[in-house]
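Chain by chain, the residues:
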Amino acid sequence: MVRTRFAPSPTGDLHVGGAWTALASWALARGARGASGTVLRVEDIDTPRVVAGAAARIADDLAWLGFDWSEGAWGAAGGDHAPYIQSERTRIYDDALAKLAAAGLTYPCDCSRAEISRVASAPHAGDEIVYPGTCRDAPRDREMKRPPAIRLRVPKGSTIAFDDLVCGRVEQHVDVAVGDFVLRRGDGIYAYQLVVAVDDAAMEISHVVRADDLLASTARQILLMRLLGFTTAPSYAHVPMVVAPDGDRLAKRAGAASIRDLRARGVSAEAIVGTLGHALGLVRGDLRPMTAREVAASIAPPSAWRREPWPIPAAWA
Ligand code: GLU
């Protein structure tokens, strides 16, 4: 059974990059022989960043592009793994954190960002700073300088390897490359790494398809699933980023390269889906307008998908 999910954060409008990931994820499941599931999950855990009205606009854009969901939030049918809105799942994350704590795998950390960067070695894993472990063995009954974050005590020798279906073999020594990472922030908000690991495992997602800026997060998520006692992790397919026509990072200017903006300019859903499906290597043959269902019906295996960033057409920027 192929179960994929699309997990947007309602922090702005759906961009071409979001539509790209949604298409790959949705079509992989819908194009599979036999049973499949498409899950729509709302990643609104970072509540201060949520933009009012964005959720409804993303849902509307996704429907306009031709996606439907067998499970999930936003008018999808609900399902066995409800709720599908992260802000309604805090009890589930509380339980996961309690389980890790009971196993001695967590500790409170009241370091400030500035304190960490003063002590930390040069950034590893992208531009993330490796936590120097200041609070790892500090007395728990000490007076905290600020409301503490909760960190994972990453066991020594936590090496995670997986075969990404697009990018190939990935291996990360999480203890060395990342260090003890945050599970819950000092303001009480659960960290992305924890909630995504819990949700993907609990929702029985078989294939996580998402943008490759999250490739460096995957080892952390697999490690968390193992520590939480989940016996299987999903397969991963990380698709390349959508970039500006000149190859630069896409500016997040309001409306820039948003599906909303393209709609307003009269670009059809089939033109967008056909262009993205062709550029991403989901479908072969000449570029032509396509529905999402047509892409799913002839989808290529992830090993044949594009690996390099895709510059959007100048007319879309
Ligand atoms: N919510 C994340 C985003 O909108 C996606 C996270 C994921 O797919 O794991 O970028």
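Thresholds applied
Residues numbered from 1 in each chain as written. Predicted model: local features only at pLDDT ≥ 70, side-chain atom pairs only at ≥ 80, totals over all residues. Heavy atoms only, no water. Core = buried A, V, L, I, M, F, W, Y, C linked by side-chain atoms within 4.5 Å. Buried < 20%, exposed > 50% of the residue type's maximum accessible area, 1.4 Å probe, protein only. Helix = DSSP H or I, 4+ residues; strand = E, 2+ residues; numbered from the N terminus. Contact = heavy atoms within 4.5 Å. Lys, Arg positive; Asp, Glu negative; His and termini not counted. Salt bridge = Lys/Arg side-chain N within 4 Å of Asp/Glu carboxyl O. Polar contact = N/O pair within 3.5 Å; in protein donor to acceptor, adjacent residues only side chain to side chain. Near = heavy atom within 4 Å. Areas by Shrake-Rupley, 256 points an atom, 1.4 Å probe, with all protein chains shown as cover. Nonpolar A, V, L, I, M, F, W, Y, C, P; charged D, E, K, R; others polar. Axes fitted to C-alpha atoms, helices over the stretch in contact; angles between N-to-C directions. Parallel < 35°, antiparallel > 145°, perpendicular 65-115°, else oblique. Left-handed = near helix turned anticlockwise from the far one by under 90°. Pairing = 2+ DSSP bridges.

Participant: I keep staring at the nonpolar core and nothing clicks. Help me out?
Facilitator: Soluble globular proteins tend to bury their nonpolar side chains together. If you look at the biggest cluster of nonpolar residues, it comprises 44 residues, and the most contacted ones within it are Val 16, Leu 62, Phe 67, Leu 276, Trp 305 and Trp 310. Counting only elements with at least two residues in this core, the list comes to helix H1 (16-30), helix H2 (54-65), strand E10 (235-239), helix H8 (259-264), helix H9 (269-279) and helix H10 (292-297). Considering every element that reaches this core, the biggest residue donor is H1, with nine residues. Ignoring anything within four residues of it in the chain, the contact list for Trp 305 reads Ala 24, Leu 28, Val 166, Val 209, Ala 237, Val 239, Leu 280, Gly 281, Leu 282, Ile 299 and Ala 300. Ranked by size, the runner-up nonpolar core spans 38 residues in total, among them Leu 100, Leu 105, Phe 162 and Leu 224.

Participant: Hey, could you run me through the side chain of Asp 44 in this one?
Facilitator: Mapped onto the secondary structure, Asp 44 falls in the loop between strand E2 (36-40) and H2. Put simply, Asp 44 is tucked away with no salt bridge, and the nearest opposite charge, on Arg 89, sits 8.8 Å away. A polar contact of 2.7 Å, which involves the side chain of Asp 44, links it to the side chain of Ser 87. In contact with Asp 44, other than residues within four places in its own chain, are Pro 10, Val 50, Ile 85, Gln 86 and Ser 87.

Participant: Would you mind going over the site of the ligand with me for this structure?
Facilitator: Every residue close to the ligand is listed here: Arg 5, Ala 7, Pro 8, Ser 9, Glu 43, Tyr 192, Val 196, Arg 210 and Leu 214. Within the side chain of Arg 5, an N or O atom sits 2.6 Å from an oxygen atom of the ligand. Between an oxygen atom of the ligand and a side-chain N or O atom of Tyr 192, the distance comes to 2.7 Å. Surface burial for the ligand is 73%, taken as the share of its 300 Å² of free accessible area covered by protein chains. A class-by-class count of the residues in the shell around the ligand yields five nonpolar, one polar and three charged.

Participant: When you look at the packing of helix H6 (residues 192-202) against helix H7 (residues 215-227) in this model, what are you seeing that I'm missing?
Facilitator: In a packed pair of helices, the relevant descriptors are the angle between the two axes and the axis-to-axis distance. Where H6 contacts H7, the two axes come as close as 9 Å, and the packing angle between them is 60°. On the basis of their axis angle, the class for H6 and H7 is oblique. Between H6 and H7 lies a crossing whose hand is right-handed. The segment H6 lies against H7, with Tyr 192, Gln 193, Leu 194, Val 196, Ala 197, Asp 200 and Ala 201 engaging Ser 217, Arg 220, Gln 221, Leu 224 and Met 225. Its residues assigned to classes, the contact of H6 with H7 comprises seven nonpolar, three polar and two charged.

Participant: I'm lost on unusual backbone geometry in this one. Help?
Facilitator: Negative phi values dominate among residues other than glycine, just as trans dominates among peptide bonds. Of note, the bond from Ala 82 into Pro 83 is cis; its omega dihedral lies within 30 degrees of zero at 0°. Here Pro 83 shows up in the loop between strand E3 (71-72) and helix H3 (90-102). Here the phi dihedral of Glu 204 falls at roughly 55°; this positive angle occurs in a residue that is not glycine. For Glu 204, the position within the fold is in the loop between H6 and strand E9 (207-211).

Participant: Sorry if this is basic, but what is going on with the pattern of salt bridges here?
Facilitator: Evaluation of the coordinates by the stated rule reveals 23 salt bridges. Linking Asp 61 and Arg 260 is a salt bridge whose minimum nitrogen-to-oxygen distance equals 2.9 Å. Highlighted residues: Asp 61 in helix H2 and Arg 260 in helix H8, separated in sequence by 199 residues. The buried category is assigned to Asp 61, whose relative accessible area is 0%. According to the relative accessible area criterion, Arg 260 is partly exposed, its value standing at 26%. Close ionic contact of Asp 187 with Arg 185 constitutes a salt bridge, the shortest N to O distance being 2.8 Å. Residues joined by salt bridges that share partners form a network here, namely Arg 5, Arg 41, Glu 43, Arg 89, Asp 199 and Asp 200.

Participant: How should the environment of Leu 100 be read in this particular structure?
Facilitator: Within the secondary structure layout, Leu 100 lies in helix H3. Considered as a pair, Leu 100 and Phe 181 are 81 residues apart in the sequence and their alpha carbons are 13 Å apart. Ignoring anything within four residues of it in the chain, the contact list for Leu 100 reads Leu 105, Thr 106, Leu 152, Leu 183, Leu 194, Leu 224, Leu 227 and Leu 228.

Participant: Before we go on, may I ask you to explain the environment of Arg 140 in this structure?
Facilitator: Its place among the elements puts Arg 140 in the loop between helix H4 (113-119) and strand E5 (149-152). Along the primary structure Arg 140 and Leu 227 are separated by 87 residues, whereas in three dimensions their C-alpha atoms are 22 Å apart. Filtering out sequence-adjacent residues up to four positions away, Arg 140 remains in contact with Thr 106, Tyr 107, Pro 108 and Arg 153.

Participant: What is the right way to look at the sheet that holds strand E4 (residues 106-109) in this model?
Facilitator: In a beta sheet, neighbouring strands pair by backbone hydrogen bonds and run either parallel or antiparallel. The three strands lie next to each other as E4-E5-E8, forming an open sheet whose pairing is antiparallel. Each of the sheet's edge strands pairs with one partner strand only, and the pair in question is E4 and strand E8 (182-184). Neighbour-to-neighbour, the strand axes of the sheet open up by a mean angle of 45°, direction not taken into account. By the bridge criterion, four bridges tie E4 to E5 in an arrangement that is antiparallel. Within E5, the position partnered with Tyr 107 by the bridge is Arg 151.

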